[in-house]
Amino acid sequence: MTRRALALLAALTLAALPAGCGGDGGEDAGTSTVERTRVQVVEGLGGEHGFDPTTIYERLSPGVVTITSLFSKSDSLADVLEGGGAGQGSGFVLDAKGYIATNAHVITNGTGKQLTKAREVFVQFEDGNQVGAKVIGYDPNADVGLIKVDPKGLELVPLGLGRTGNVRVGEPVAAIGSPFGEQGSLTIGVVSAKNRTIEALTDFSISDAIQTDAAINKGNSGGPLLDARGRVIGINAQIRSSGGGSVGVGFAISVDIVRQSIGQIRNGGNARYAYIGISSQNLYPQLAERLNVPVEDGALIADVVQDGPADKAGIKGGGKEVRFQASLVKLGGDVITKVNGRRVTRENDFSEQITRFSPGDTVSLELYRGSERRTARVTLGERPD
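Conventions used here
- Residues numbered from 1 in each chain as written.
- Predicted model: local features only at pLDDT ≥ 70, side-chain atom pairs only at ≥ 80, totals over all residues.
- Heavy atoms only, no water.
- Helix = DSSP H or I, 4+ residues; strand = E, 2+ residues; numbered from the N terminus.
- Buried < 20%, exposed > 50% of the residue type's maximum accessible area, 1.4 Å probe, protein only.
- Contact = heavy atoms within 4.5 Å.
- Areas by Shrake-Rupley, 256 points an atom, 1.4 Å probe, with all protein chains shown as cover.
- 1 Å grid on protein atoms, 1.4 Å probe; cavity = no way out; pocket = protein on both sides within 12 Å on 5 of 7 lines; lining within 4 Å.
- Points joined across faces, edges and corners; volume = space filled by probe spheres on them.
- Nonpolar A, V, L, I, M, F, W, Y, C, P; charged D, E, K, R; others polar.
- Salt bridge = Lys/Arg side-chain N within 4 Å of Asp/Glu carboxyl O.
- Pairing = 2+ DSSP bridges.
- Phe/Tyr/Trp six-rings, centres within 6.5 Å; stacked < 30°, edge-to-face > 60°.
- Lys NZ or Arg CZ within 6 Å of the ring centre and 35° of its normal.
- Axes fitted to C-alpha atoms, helices over the stretch in contact; angles between N-to-C directions.
- Expected span 1.5 Å × (residues − 1).
- Arc of directions from axis to C-beta.
- Core = buried A, V, L, I, M, F, W, Y, C linked by side-chain atoms within 4.5 Å.

> Any chance you could break down the overall build of the protein chain for me, citing the residues and the numbers?
Looking only at helices and strands, the protein chain has 8 helices and 26 strands in total. For the protein chain, the proportion of its 385 residues judged to be buried stands at 47%. Of the contacts made within the protein chain by residues no fewer than 6 positions apart, 64% connect residues no fewer than 24 positions apart. Summing over all exposed atoms, the protein chain offers an accessible surface of approximately 18,300 Å²; the carbon and sulfur share of this is 44%.

Take a look at the structure:
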């Protein structure tokens, strides 16, 4: 999602008037007080009552926030309203300590090696509290960001995380966020598809994304996609549209990837990914017949990065490029069929399996070179910027 500088007058106001500093203090102005964090744990949504968007919204929307990111210390109100120097998106509370999940692109600017984090980040809660936040870290490969607010004096409603494996196509979902700066907006729909591949903030892709027809627009980035029980199954991240508006094709980063990314960010401030150094495409029966290989599923290797992990292990890429059906295919590359004994299929592609490992891990690959079955052991590197 592209950033939009909407509803930022409030963001500038909160920079001058932090929450808890207004008013004359009344009779007890000279008395010290203790600000306590209130945490509301939400349980028992969905189940036998089915999909109830009203209850989901009433119980969980207080845990969804609007995030405003400022990137230049010389921002003016005119610059902000015209879309320069600021970004706006959504996020959701993870726990009582004040950690909040969002998209990396909500709190950063640029891509790849040119990625820079915001100079200032502000969070607006549903109850009107507006506070500054610290950027803990971000993962451009998964488009996941983590920020933290001081929880003192705030009422926090943490959202629980589900599991991607439990998500089914056709099940109802709800998205909550701040499209075009309209805080606390609810849209509903269904899971349209699973295992989609979408763009990251690097030259790599994000696998296992969830597609939904729940309306997602600019400003929804970073907000939660919720199942019928109110569990987060993804972070809303992108739309596919020719005109920039929602046409019912939105994508969320799967919660399994979110969980893994946030865990690494909290532990070390950044997320590391395994790297094998190949590009591939999925094999299917008709293509296998054309290439005269004895398997119908797998990853057909097109290119191998010179001096990368796969190259060092002797894995071979393709050569001559030909057209088959509606695609261009490189002939002669190895076909990888298993990773550590786990089959590579169209639904569970090779790149997704590699992301489950860490840099430095050694994996055993079953592959075919023509009709000959081989085994290769590859020590994985770390994904470059």
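On we go from here.
> Can you tell me about empty space enclosed by the protein, naming the residues and giving the values?
A complete count under the given rule lists 1 cavity of 30 Å³ or more for this structure. Taken together, Ser61, Val64, Val65, Thr66, Glu126, Ser178, Gln183 and Gly184 make up the full set of residues lining the largest cavity. Residue composition of the lining of the largest cavity, by class: 2 nonpolar, 5 polar and 1 charged.

> Quick rundown of the pattern of salt bridges? Include the residues and the values.
This structure, assessed with the given rule, holds 11 salt bridges. A salt bridge links Asp227 to Arg231, with the shortest nitrogen-to-oxygen separation between them at 2.8 Å. A residue is classified by how much of its surface remains accessible, and Asp227, at 4% relative accessible area, is buried. For the salt bridge of Glu352 with Arg356, the shortest nitrogen-to-oxygen distance reads 3.2 Å.

> Explain the environment of Arg374 to me, and be specific about the residues and the numbers.
Structurally, the position occupied by Arg374 is in strand β25 (residues 372-379). Residue classification places Arg374 among the partly exposed residues on the basis of a relative accessible area of 32%. C-alpha of Arg374 to C-alpha of Asp334: the two residues are 40 residues apart in sequence and 9.7 Å apart in space. If sequence neighbours within four positions are ignored, Arg374 has contacts with Leu365, Glu366, Leu367 and Arg369.

> Talk me through the pairing of strand β7 (residues 120-124); I want residue IDs and the actual numbers.
Examined bridge by bridge, strand β2 (residues 64-70) and β7 share 5 bridges and lie antiparallel to one another. Along β7, the bridge assignment pairs Leu70 with Glu120. Counted between consecutive antiparallel strands, the loop separating β7 from strand β8 (residues 130-139) contains 5 residues, among which Gly128 sits at a positive phi close to 100°.

> Describe the packing of aromatic side chains, naming the residues involved and giving the relevant values.
For the coordinates displayed, the defined rule picks out 2 aromatic pairs. Ring geometry for Tyr284 versus Phe324: centroids 6.4 Å apart, planes at 35°, classification tilted. Taken together, the residues span a long stretch of sequence, with Tyr284 in the loop between β18 (278-282) and α6 (285-291) and Phe324 in strand β20 (residues 321-324) at a distance of 40 residues. By relative accessible area, Tyr284 is classed as partly exposed at 21%. Above the face of the Tyr99 ring, Arg266 is positioned so that its terminal group lies 3.8 Å from the ring centre.

> So what about the sheet that holds strand β14 (residues 224-226)? Which residues, and what values?
Within the closed barrel, the 6 strands sit side by side as β11-β12-β13-β16-β15-β14. Their pairing is antiparallel. Recorded for the sheet is a direction-independent mean angle of 50° between the axes of neighbouring strands. Relative to strand β12 (residues 185-199), strand β11 (residues 172-177) runs antiparallel, the two sharing 6 bridges. By the bridge assignment for β12, Val173 is matched with Gly189. Of the strands in this sheet, β11, β12 and β14 touch helix α2 (residues 53-60), which is tilted by about 90° from β12.

> Please provide a residue-by-residue account of the pairing of β25, values included.
By the bridge criterion, 8 bridges tie strand β24 (residues 362-369) to β25 in an arrangement that is antiparallel. Following the sheet pairing, Leu367 is matched in β25 by Arg374. Where β24 folds back onto β25 in an antiparallel hairpin, the turn is made up of 2 residues, including Gly370, whose phi is positive at roughly 70°.

> Residues and numbers for unusual backbone geometry, please.
Phi angles above zero are rare outside glycine, and Asn195 is one such case at about 60°. Topologically, Asn195 is positioned in strand β12. Positive phi, normally seen in glycine, also occurs at Asn292, with a value near 60°. Inspection of the secondary structure puts Asn292 in the loop between α6 and β19 (299-304). Looking at Asn292, the relative accessible area reads 64%, which means it is exposed.

> For helix α5 (residues 255-268), give the residues involved together with the corresponding values.
Taking 1.5 Å per residue as the helical rise, α5 with its 14 residues ought to reach 20 Å, and the 20 Å between its terminal C-alpha atoms agrees with that figure. Buried within α5 we find Val255, Ile257, Val258, Ser261, Ile262 and Ile265. Projection of α5 onto a plane perpendicular to its axis shows the buried side chains occupying an angular sector of 145°, all on one side. Opposite the buried face of α5, at more than 90 degrees from it, the exposed residues are Asn267 and Gly268. Of the surrounding secondary structure, the elements contacted by the buried residues of α5 are β4 (99-102), β8, β9 (144-148), β13 (205-212), β15 (232-239) and β16 (250-254). Two residues or fewer after α5 comes Gly269, characterised by a positive phi angle close to 85°.

> Explain the nonpolar core to me, using residue names and the numbers behind them.
Ranked by size, the top nonpolar core spans 32 residues in total, and within it Leu60, Phe92, Leu94, Leu159, Leu226, Ile253 and Ile262 carry the most contacts. It is α5 that contributes the most residues to this core, 4 residues altogether. Ignoring any residue separated from it by four or fewer positions in sequence, one finds Leu159 in contact with Leu60, Gly63, Val64, Phe92, Val93, Leu94, Pro224, Leu226 and Val232.

> Describe the layout of surface pockets, naming the residues involved and giving the relevant values.
In this approach, a probe sized like a water molecule rolls over the atoms, and the result shows the empty space that is left. Estimates place the volume of the largest pocket at around 920 Å³. Secondary-structure elements contributing two or more residues to the lining of the largest pocket are β13, α5, β17 (274-275), β18 and α8 (350-354). Among the elements that take part in the lining of the largest pocket, β18 stands out by supplying 5 residues, more than any other.

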